[in-house]
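Structural description and commentary
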Amino acid sequence: MIDTHPYQHCECLRMGNQYLVCQSALSLEEQGKKVTLSLRANEEAKALVLDGCVFTGNHTKCDALYLFKASNRKVAALIELKSAGDIPHAFKQLAYTRQQRPEYKQLIQQLDQVGPGLLLEKAFIVTNGMLSKPERERLENQHGIRITEILQSEPSRKVPNLRDWF
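Residues numbered from 1 in each chain as written. Predicted model: local features only at pLDDT ≥ 70, side-chain atom pairs only at ≥ 80, totals over all residues. Heavy atoms only, no water.

**Some words on the side chain of His143**
The residue His143 is located in helix 3 (residues 133–143) in this model. Residue classification places His143 among the buried residues on the basis of a relative accessible area of 19%. Those residues in contact with His143 that lie beyond four places of it in its chain are Pro88, Phe91, Lys92, Ala95 and Gln99. (Helix = DSSP H or I, 4+ residues; strand = E, 2+ residues; numbered from the N terminus. Buried < 20%, exposed > 50% of the residue type's maximum accessible area, 1.4 Å probe, protein only. Contact = heavy atoms within 4.5 Å.)

Structure follows, in structure tokens:
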């Protein structure tokens, strides 16, 4: 069982979510940018609202965190839902959350303790914008973070499923 203590109140729910970013237990949306995670048998996951719940201050933060557990691996996936014009700021938000936020480090430690398997930390930007490969590499080096994928989210396209990168 994935332990999110003391942030259980920040979990997205199947129904009756109090946080606007939560569309269901494992689907997030903000300003038309959407991402989801589908599960297979014997897998478990939770989506946590970071911005405005786990993190309530004015310091830099990203939007959400998926915690995923399968029999042989565990994944912590930071999510930033971002408009096209603000992609560079997403790198800063993801890097700061991973490197500076003790609440994130606590949740990662708790995930690592839920059983065997390698723990992977991933970071995703969900946007309708584009970024050249040289610009992406420059931003990754500048902020000291590798982005797993920049996912395209537009109304005319299928909602990106993190399953493809787990």
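Let's pick the thread back up.
**Structural notes on the packing of aromatic side chains**
Counting across every chain of the model gives 2 aromatic pairs. With a centroid separation of 6.2 Å and 70° between ring planes, the pair formed by Phe124 and Trp165 is classed as edge-to-face. Of this pair, Phe124 sits in strand 7 (residues 118–127) while Trp165 sits in the segment after strand 8 (149–152), placing them 41 residues apart in sequence. Judged by relative accessible area, which is 0%, Phe124 ranks as buried. (Phe/Tyr/Trp six-rings, centres within 6.5 Å; stacked < 30°, edge-to-face > 60°.)

Purely spatial values, then, with no claim about function.
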